[in-house]
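Here are the chains, one letter per residue:
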Amino acid sequence: MEVHAAAPMSGHLVAGLVAGYGIAMPVGAVATYLVGLTARTSLRVGACAALGVATADGLYALVATVAGAAAAHAVEPVMGPLRWVSASVLIAIAVRAAVAAVRRHRAPDTAAPRVGSPPSPARAYTTFLGITLLNPTTVVYFAALVVGGRSGSGADHLGQAVFTLAAFAASASWQLLLAGGGALLGRALTGRRGRLVTTLTSSAVITGLAVHLLAAS
């Protein structure tokens, strides 16, 4: 049901939290990559990556509240290309991570630090922001919110801001929880074999999800 401008701010807050957790909680390719990255690097890098995902979710929530139903019609014609771009990016990420893991595993211990250096926190943030913005699931989700009238409307700018911030906070809290789990996994799998298995498993899952994305289009 549409949240009217006269509705209490608590209504916008709850709607934003529900929307944020709704898009964040299903564990897909991006979440899998986030956990794997944090396991291989550090909680700091993983946290920045998590905030990149949450920023993208927040931006789409903002578009949903401001653009109105027209946003859904604008997105629909490019859904096909978005699926192919998203799947291509995910497969490229999976292949790159797997190749780097195999090279790192085969390299001598003295050469290991020079192979596949981890991304900086800033790079992790921008990378995850980009792949989440290209994720058609996120586009469809918030477009559906617009069509259903669940993201708020009208000139209630305060309500729009509350909805957007709540969606961002919900997504950020869940993504940071995933990053924390990745950090714990990284401390448990400190050996070279453990890092190899973690990376290859993550790459296989990401590739499978990308193929499924194309098959479902």
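Because the structure is a prediction, the values reported are computed rather than measured.

## Things to note about the overall build of the protein chain
Item 1. What the protein chain contains, in helices and strands, is nine helices and zero strands.
Item 2. Secondary structure elements in the protein chain, listed N-terminal to C-terminal, are α-α-α-α-α-α-α-α-α.
Item 3. Buried residues in the protein chain amount to 41% of all 217 residues.
Item 4. Pairs at least 24 apart in sequence give 88% of the contacts found in the protein chain among residues at least 6 apart.
Item 5. Here the protein chain displays about 10,800 Å² of accessible surface, and carbon together with sulfur accounts for 70% of that area.

## Things to note about the nonpolar core
Nonpolar side chains in soluble globular proteins tend to be buried together.
Item 1. Ranked by internal contacts, the top residues of the largest apolar core, which has 19 residues, are Tyr 33, Leu 34, Leu 37, Ala 49, Phe 128 and Ile 131.
Item 2. For this core, the secondary-structure elements that each account for two or more residues are helix H2 (29–40), helix H3 (43–67), helix H5 (79–106), helix H6 (121–133) and helix H8 (157–188).
Item 3. Tallying contributions element by element places H2 first for this core, with six residues.
Item 4. Counting five residues, the second largest nonpolar core, distinct from the first, contains Ala 15, Ala 19, Phe 163 and Ala 167.

## What to know about H2
Item 1. With twelve residues, H2 should cover 16 Å at 1.5 Å per step; its first-to-last C-alpha distance of 16 Å lies within 8% of that length.
Item 2. What H2 keeps buried is the set Ala 29, Val 30, Ala 31, Thr 32, Tyr 33, Leu 34, Gly 36, Leu 37, Thr 38 and Ala 39.

## Quick notes on the confidence of the model for the protein chain
Item 1. For the protein chain, per-residue confidence averages 75 on the pLDDT scale, and residues scoring 70 or more make up 67% of the total.
Item 2. Put simply, helix H4 (residues 70–75) is where the protein chain has its lowest mean pLDDT, 57, and H6 is where it has its highest, 92.
Item 3. Counting contacts from residues 150–155, a segment whose pLDDT is below 50, to residues more than four positions away or on other chains yields 16 contacts.

## So, the packing of H2 against H3
Item 1. Axis separation between H2 and H3 bottoms out at 8 Å; the angle between their running directions is 160°. Taken together, the axis directions place H2 and H3 in an arrangement best described as roughly antiparallel. Here H2 and H3 pass one another in a crossing that is right-handed. Taken together, the residues of H3 that come into contact with H2 (itself represented by Val 30, Leu 34, Leu 37 and Thr 38) are Leu 43, Val 45, Gly 46, Ala 49, Ala 50 and Val 53.
Item 2. Per-class residue counts for the contact of H2 with H3 are eight nonpolar, two polar and no charged.

## Examining the environment of Thr 207
Item 1. The residue Thr 207 is located in helix H9 (residues 192–215) in this model.
Item 2. Through-space distance from the C-alpha of Thr 207 to that of Ala 87 is 8.3 Å; in sequence the pair is 120 residues apart.

## Structural notes on the packing of aromatic side chains
Item 1. Counted according to the given criterion, the structure contains one aromatic pair.
Item 2. On the numbers, 5.0 Å between centres and 15° between planes, the contact of Tyr 33 with Phe 128 is stacked. Within this pair, whereas Tyr 33 is found in helix H2, its partner Phe 128 is found in helix H6, the two being separated by 95 residues in sequence.

## A closer look at a nonpolar patch on the surface
Item 1. A contiguous nonpolar surface patch, about 320 Å² in accessible area, is contributed by Leu 13, Leu 17, Tyr 21 and Met 25.
Item 2. Mapped onto the elements, Met 25 comes out in the loop between helix H1 (9–24) and H2.

## Description of the side chain of Thr 132
Item 1. Inspection of the secondary structure assignment puts Thr 132 in helix H6.
Item 2. Assessed through its relative accessible area of 2%, Thr 132 is described here as buried.
Item 3. Once residues lying within four places of it in the same chain are set aside, the contact partners of Thr 132 are Val 30, Val 53, Ala 56, Asp 57, Tyr 60 and Thr 138.

## Some thoughts on the packing of H2 against H6
Item 1. H6 packs onto H2 with a crossing angle of 165° between their chain directions and a minimal axis gap of 11 Å. With respect to H6, the axis of H2 lies roughly antiparallel. As H2 packs across H6, the resulting crossing turns out to be right-handed. Across the interface between the two elements, Val 30, Tyr 33, Leu 34 and Leu 37 of H2 pack against Ala 124, Phe 128, Ile 131 and Thr 132 of H6.
Item 2. Residue composition of the contact of H2 with H6, by class: seven nonpolar, one polar and no charged.

The rules behind the values
- Residues numbered from 1 in each chain as written.
- Predicted model: local features only at pLDDT ≥ 70, side-chain atom pairs only at ≥ 80, totals over all residues.
- Heavy atoms only, no water.
- Helix = DSSP H or I, 4+ residues; strand = E, 2+ residues; numbered from the N terminus.
- Buried < 20%, exposed > 50% of the residue type's maximum accessible area, 1.4 Å probe, protein only.
- Contact = heavy atoms within 4.5 Å.
- Areas by Shrake-Rupley, 256 points an atom, 1.4 Å probe, with all protein chains shown as cover.
- Core = buried A, V, L, I, M, F, W, Y, C linked by side-chain atoms within 4.5 Å.
- Expected span 1.5 Å × (residues − 1).
- pLDDT = per-residue confidence, 0-100.
- Axes fitted to C-alpha atoms, helices over the stretch in contact; angles between N-to-C directions.
- Parallel < 35°, antiparallel > 145°, perpendicular 65-115°, else oblique.
- Left-handed = near helix turned anticlockwise from the far one by under 90°.
- Nonpolar A, V, L, I, M, F, W, Y, C, P; charged D, E, K, R; others polar.
- Phe/Tyr/Trp six-rings, centres within 6.5 Å; stacked < 30°, edge-to-face > 60°.
- Patch = residues over 30% accessible without salt bridge, like charges linked within 9 Å, V, L, I, M, F, W, Y side chains within 5 Å.
- Salt bridge = Lys/Arg side-chain N within 4 Å of Asp/Glu carboxyl O.

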